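Structural overview
What follows is each chain in one-letter form.
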Amino acid sequence: ISFFTGCRSLSQLAELPETHQILRQTCRDYADRELSPIAARLDKEHVYPAKQIQELGAMGVMAMEVPEELGGAGMDYLAYSLAMEEISRGCASTGVVVSVNNSLYIGPILKFGTEEQKKQWIQPFTTGEKVGCFALSEPGNGSDAGAASTTAHQEGDEWVVNGTKAWITNSWDASAAIVFATTDKTLKHKGISAFLVPMPHPGLSLGKKEDKLGIRASSTANIILEDCRIPLGYMLGPRGSGFKIAMQTLDSGRIGIAAQALGIAQASLECAADYAHRRTAFGAPIGKLQAIQFKLADMAVAIEGARLLTWKAALLRDSKKAFTKEAAMAKLAASEAATFCSHQAIQVLGGMGYVTDMPAERHYRDARITEIYEGTSEIQRLVIAGQLLKEYQL
Amino acid sequence: LSCKVLSSVVTPCYCFVSPQIRVKPDNTGVVTDGVKHSMNPFCEIAVEEAVKLKEKKLIKEVVAVSCGPQQSQETIRTALAMGADRGIHVDVSGKDYENLGPLQVSKILAALAKQEDAQLILLGKQAIDDDCNQTGQMTAALLDWPQGTFASEVSLEGDKINLVREIDGGLEHIKINTPAVITADLRLNTPRYATLPNIMKAKKKKIVTVKPADLGVDVTSRLEVLKVEEPPQRQAGMKVETVEDLVVKLKEAGRV
């Protein structure tokens, strides 16, 4: 439900609606008090923020778009973008856990699931007690999602799934996965179907937790399926619609990840600006030097531009308009802003930026993945160009 | 206790996000342009306590009150999102707002308490921008009600209230009659984060705007701020070799 009927475009949005302002402030307060103080430790010790995820669940943040009857907050994607940015500003790892649950797990079930599936697979996943994951990528294909080699064939009243999925966020902490497998290889990408798989489950095992550069408090691992048997009713959407489901899901997921990247970028800017006030060199705070000022200005412009793109994509989605191009633009702009801002933040901090005493180095490490997951920057460019060329009838 | 209405005051106070608090060039106050207003932390605790009492079905209704300009409505809305039932915004702006002090606010609260037939007023012990710690006490005096200030524990027993107060000497247990005024101290509770569904429900809750004059209150200040200045710059310390040296230096400085 959109809460500002009439405000359907960014140009009409002079100021965020009051509800959204309060939501943003509430998430910011939560991030400042509960996430920022522990983010460094979560990163260092690779600890999943279970307590915080439950607290966020209690607030409604783990199921923002889900209608209240199913236990969600019943809010729109603009609200989701705001919440994602604020939470990621506090802790990027917590942000990705929230994003995957909202956009990649609950999202497709909300859109393509039966009423029964929604009750079974969404309702328990709104409180933060259980989280879901999205298993599309494989060791042999990431960007080339159509080449899925995980198979599912029918045996009586069961599907039998075989294959390996790679790079799955939340895998070690999830209670369910949406697994994409091909039910007919000859149909290529039109032969892929989506399946709901509970975790743990016989025939499903997890690979080792990846030791990552950043977002270390969230778990990433392979999911291995060996004769994993699930009831026929666990297929999500019509047979052969898996690729379409994945692509549409990622469109929305990109808005969430764009917001996560914004949070990281914003945290970097604040870190750098704060340091520029305090650190003196050549007799004055370094914020007085043009070299530093230009960096801060460039960071601010990059963030503001990416933020407006993110809000635009969210608004288009909320108005039920096409938003594929804008979501790709937002994700591209925001992730590149995150890597740019975190890079420059370290530069502003100098030596201090290189040590763990300051959060700049963590932002740098956290930012890097945003240009890769949920569609690499290269894929985003292909998506944008594809839409553009259609518009120009080429 | 069939509490008719519980009036909880939410003081919008200046929340200084940046590390720099700057005195205005004319020394009449601190710079407030562009500084964020948010709910006073002790008032947040008071609202939380009120909502808790309502959840325990010990009181019927929580009314959130704020005195200030238009932006105060956002603070009230946050209280509604935490669980208050309705809000009253007492519109005070401009110079009147700059000069608004505890005495004026207490008069407003007293008038509202009578108008709403409230049985309990819950406020924060003090505002973190001016640290006055007077409003609760003055309100109780104006209404001739008992007061339980610096409360770290509140429990209702029939038509009386058991209260634990944090005082310099330790913890004081008192029992007061209702109607009463209670001011919240830090350890009374941990305020909840508003849930998203409640933030949306808050949109439909009513906030009524009134002017101090409607309540028969004159907000003219009885105080005149002569000067506001920064604390003196911290001086460098001094090291001494022995205790005897220390005593000599203290005597020289006229400290002993």
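What you see as residue numbers is a count from 1 along each chain, following the sequence as written. Chain letters and ligand numbers both follow the written order, the letters beginning at A and the numbers at 1. Per-residue local features are limited, in this predicted model, to residues with pLDDT of at least 70; the limit for side-chain atom pairs, both in listing and counting, is 80 or more; totals at the level of whole chains, interfaces and linings are taken over all residues. Calculation of side-chain values draws on the structure's entire complement of heavy atoms; hydrogens and water are dropped beforehand.

1. Examining the UniProt feature "domain: Acyl-CoA dehydrogenase/oxidase C-terminal" (unreviewed entry) in chain A
Those places that UniProt annotates as "domain: Acyl-CoA dehydrogenase/oxidase C-terminal" (unreviewed entry) correspond, in this numbering, to residues 240-388 of chain A. Numbering of helices and strands runs from the N terminus; a helix is a DSSP stretch of H or I covering at least four residues, while a strand is a stretch of E covering at least two. Taken end to end, residues 240-388 of chain A is 76% helix and 3% strand, and its two terminal C-alpha atoms sit 28 Å from one another. UniProt positions are given in the numbering used here, feature names are shortened, and annotations may be inferred rather than shown by experiment.

2. Section: the side chain of B:Thr178
Residues and elements named next belong to chain B. Position of threonine 178 relative to the elements: it lies in the loop between β9 (170-177) and β10 (180-184). For each residue, the accessible area found with a 1.4 Å probe, counting protein chains only, is set against the maximum for its type, and the residue is called buried under 20%, exposed over 50%, and partly exposed in between. The exposure class of threonine 178 is buried, given its relative accessible area of 18%. What qualifies as a polar contact is a pair of N or O atoms within 3.5 Å, subject to a donor-acceptor requirement within protein and to the restriction that residues adjacent in sequence count only when both atoms come from side chains. Among the polar contacts made by the side chain of threonine 178, one reaches the main-chain carbonyl oxygen of aspartate 159 at a distance of 2.9 Å.

3. Remarks on the interface of chain A and chain B
By the convention used here, residues are in contact when the closest approach between their heavy atoms is within 4.5 Å. Across the boundary between the two partners, chain A contributes 23 residues, which contact 16 residues of chain B. Interface area, chain A with chain B, both sides summed: about 1,800 Å², of which 65% is carbon and sulfur. We count a salt bridge whenever a side-chain nitrogen from Lys or Arg sits within 4 Å of a carboxyl oxygen from Asp or Glu. Where chain A touches chain B, the interface holds three salt bridges. For B:Glu44, the salt bridge is made with A:Arg33, and the minimal N-O distance between the two is 3.9 Å. The tally of links between chain A and chain B comes to three residue pairs in polar contact (both at pLDDT 80 or more). The set of elements that each furnish at least two residues to the side of chain A that touches chain B consists of α1 (18-45) and α2 (50-59) of chain A. No other element matches α1(A), which puts 11 residues into the side of chain A that touches chain B. Charged residues are taken to be Asp, Glu, Lys and Arg, nonpolar residues to be Ala, Val, Leu, Ile, Met, Phe, Trp, Tyr, Cys and Pro, and polar residues to be all remaining types, Gly included. Of the residues that constitute the side of chain A that touches chain B, the class distribution is 10 nonpolar, seven polar and six charged. As a working definition, buried area equals the accessible area (1.4 Å probe) given up by two parts on being put together, with both sides summed.

4. Digging into helix α4 (residues 102-116) of chain B
Residues and elements named next belong to chain B. The span one expects for a helix is its residue count, reduced by one, times 1.5 Å. Under the 1.5 Å per step criterion, the end-to-end length of α4 is 20 Å for 15 residues, consistent within 8% with the ideal 21 Å. By the criterion of burial, α4 is predominantly enclosed, with 11 of the 15 residues buried. Among the residues of α4, Pro102, Gln104, Val105, Ser106, Ile108, Leu109, Ala110, Ala111, Leu112, Ala113 and Glu116 are the ones counted as buried. Aspartate 117 sits one or two positions beyond α4 and adopts a positive phi of about 55°.

5. What about the packing of aromatic side chains?
All names here are of chain A. Only Phe, Tyr and Trp rings are paired, with Trp represented by its six-membered ring, and only when their centres lie within 6.5 Å; those with planes under 30 degrees apart are stacked, over 60 edge-to-face, the remainder tilted. Inspection of every chain in the model, using the stated rule, returns six aromatic pairs over all chains. Each ring, one from tryptophan 121 and one from tyrosine 234, has its centre 4.9 Å from the other, and the planes form 90°; the classification is edge-to-face. Pair noted here: tryptophan 121 is in helix α5 (residues 115-121) and tyrosine 234 is in the loop between β7 (220-231) and β8 (235-236), with a separation of 113 residues, a long-range link. Accessibility assignment for this pair places tryptophan 121 and tyrosine 234 in one class, buried. An angle of 65° between the planes, with centres 5.0 Å apart, marks the rings of phenylalanine 134 and phenylalanine 180 as edge-to-face. Of this pair, phenylalanine 134 sits in strand β1 (residues 131-135) while phenylalanine 180 sits in strand β4 (residues 174-182), and the two are 46 residues apart along the sequence. An identical accessibility class is assigned to phenylalanine 134 and phenylalanine 180; each is buried. Our definition puts a charge over a ring when NZ of Lys or CZ of Arg is within 6 Å of the ring centre and also within 35 degrees of the ring normal. Positioned over the ring face of tyrosine 77 is arginine 317, at 3.7 Å from the centre of the ring.

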